[in-house]
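Topology and contacts: notes
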Amino acid sequence: MKRLLVLMPFVIILLGGCWDEAQYKDVTIVPVMGITKDNGGVKAMFSYPTFINGTISYSKSEGKGVSTRDARNDANRQTMEALDISQLEVLLVSTDIAKADLYEPLDQFFRTPRNRITSYIAIIEGDLEQYFNPSGEAKTEVADLYPELLRTAVLYTYVAENTLGETVKLLLDNSMDLSLPYIAINDSGIPAVEGMALFSNEKFTGKTLKKQEAVLANIMKNKLGRYARLSYEWKQKNGPITIQVINVNRKMKISNERIDVQYVISFSVEEFPENNLYKKEIRREAENFLADEIKKDFEDIIKKTQEAKSDILGFGRKVHAFHPELWKRGDWQETYASIPIELDVKVKMKRTSILD
């Protein structure tokens, strides 16, 4: 009898089942979804797998409604199974939605506990339809294309790894602004990551950073992927030099009048045909050259983000925490746009090559 009483709680748990269980025979998993505006409402598009005669192909569906959820319900009426976004990998958002208020169309993703919040999110340029039916030969289905495209962009530091969960946290954070991957259709008719979309508060500013600028901005944020490479033409040496960033150390000194930022960047040399870095004077000359070039590029990033009133670099977080007088001056995005920011960049060459 005692043994039965001990086992009873476990039996009850096993018999209870899952409160949110969904049978896969009743639903179809959606890996890629897109949303855009439609006459004051929302149009949503879905790419999902279908199984015919033992082979997998991908179908597309769309729906319209007053909200993202309503548009999904409309699309459900046109498919054989319910569209399940609990395993969503990528959400594509049109610029017209992002410029209005990005949080509102994202709300439904956080109302259902089964939904994953680690999905990628990206801003797209132009009509949503062309991203589900690209004119170029993409060589893979869009359901596979976008997840791999964004994983590669994160790997090479073209974008920071902002998931749905991270995106909403930054949208609600008034001390740091959001940046998201910016995808456009290239000359071959294939979707490609072209850089980074800049937000101010909850809205897309319409301004972007190009690919190399996006890498620089992520280095400034110390959001490095596995690879973070920068290339420069060293005219005095009549050749290129390419480096890979290993580590970034950032220190800030903040007053009510200005922000001073010091960067110390460690790097390895990936390309240098001159091939004489074993000489101390050449190494020193290379470090000075790179420090000057990187500083110029960093200053351009500061200028562009200030013009966009977009503090994607997170200076406002330290101001909010330790400098209340400056923080209370007014809306931080306005303060960020006008406060002088001075940079100091130092670089350290850690590795050269097996030839040196």
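See above for the structure.
The structure contained in this document is the topic of the report that follows. The shown structure was predicted, so the numbers you read here are calculated from the model rather than taken from an experiment.

1. Concerning the pattern of salt bridges
- By the definition in use, this model includes 14 salt bridges.
- The salt bridge partner of R258 is D260, with a shortest N-O separation of 2.6 Å.
- Classification of R258 as partly exposed rests on a relative accessible area of 36%.
- Shared partners join several salt bridges into a network, and the residues in it are E89, E148 and R151.

2. Some remarks on the packing of aromatic side chains
- Taken as a whole, this structure holds 10 aromatic pairs when the rule is applied.
- Aromatic pair Y263 and F298: ring centres 5.0 Å apart, planes at 65 degrees, arrangement edge-to-face. Here Y263 is found in strand β13 (residues 259–271), whereas its partner F298 is found in helix α9 (residues 280–307), with 35 residues between them in sequence. Considered together, Y263 and F298 belong to a single accessibility category, that of buried residues.
- Both rings, one in W327 and one in W332, keep their centres 6.0 Å apart while their planes meet at 25 degrees; by these two values the pair is stacked.

3. Quick look at the packing of helix α8 (residues 211–221) against α9
- At a closest axis distance of 10 Å, the pairing of α8 and α9 adopts a crossing angle of 90 degrees. In terms of orientation, α8 lies roughly perpendicular with respect to α9. On α9, the residues that touch E213, L216, A217, I219 and M220 of α8 are D297, F298, I301, I302 and K304.
- Of the residues belonging to the contact of α8 with α9, the class tally is 7 nonpolar, no polar and 3 charged.

4. Some points on unusual backbone geometry
- The phi dihedral of T157 is positive, around 65 degrees, even though this residue is not glycine.
- Assignment of secondary structure puts T157 in the loop between α6 (142–155) and α7 (164–171).
- Even without a glycine there, the phi angle at N201 is positive, about 60 degrees.
- As for its placement among the helices and strands, N201 is situated in the loop between β9 (191–200) and β10 (203–210).
- Among the residues examined, N201 registers a relative accessible area of 25% and is labelled partly exposed.

5. Digging into the nonpolar core
- In terms of nonpolar packing, the biggest core is built from 51 residues, with Y263, F298 and F315 touching the most fellow members.
- Residue contributions to this core peak at 9 residues, all from α9.
- What Y263 contacts, discounting residues up to four positions off in sequence, is M220, V248, N249, R250, F298, F315, L343, D344, V345 and K346.

6. Some thoughts on the sheet that holds strand β12 (residues 239–254)
- Taking strand neighbours across the sheet as the criterion, the 4 strands line up as β11-β12-β13-β14 in an open arrangement whose pairing is mixed. In this open sheet, the two strands that pair with only one neighbour each are β11 (229–234) and β14 (341–351). Averaged over all pairs of adjacent strands, the angle between strand axes in this sheet comes to 40 degrees, irrespective of strand direction.
- Both β12 and β13 contribute to a ladder of 12 bridges, which runs antiparallel. Each residue of the ladder has a partner; that of I243, found in β13, is V269.
- Against the sheet, α8 makes contact with β11, β12 and β13, and its axis sits at roughly 120 degrees relative to β11, the strand it touches most.
- Packing of α9 onto the sheet brings it into contact with β11, β12, β13 and β14, and relative to β14 it is tilted by some 140 degrees.

Parameters and conventions
- Residues numbered from 1 in each chain as written.
- Predicted model: local features only at pLDDT ≥ 70, side-chain atom pairs only at ≥ 80, totals over all residues.
- Heavy atoms only, no water.
- Salt bridge = Lys/Arg side-chain N within 4 Å of Asp/Glu carboxyl O.
- Buried < 20%, exposed > 50% of the residue type's maximum accessible area, 1.4 Å probe, protein only.
- Phe/Tyr/Trp six-rings, centres within 6.5 Å; stacked < 30°, edge-to-face > 60°.
- Helix = DSSP H or I, 4+ residues; strand = E, 2+ residues; numbered from the N terminus.
- Axes fitted to C-alpha atoms, helices over the stretch in contact; angles between N-to-C directions.
- Parallel < 35°, antiparallel > 145°, perpendicular 65-115°, else oblique.
- Contact = heavy atoms within 4.5 Å.
- Nonpolar A, V, L, I, M, F, W, Y, C, P; charged D, E, K, R; others polar.
- Core = buried A, V, L, I, M, F, W, Y, C linked by side-chain atoms within 4.5 Å.
- Pairing = 2+ DSSP bridges.

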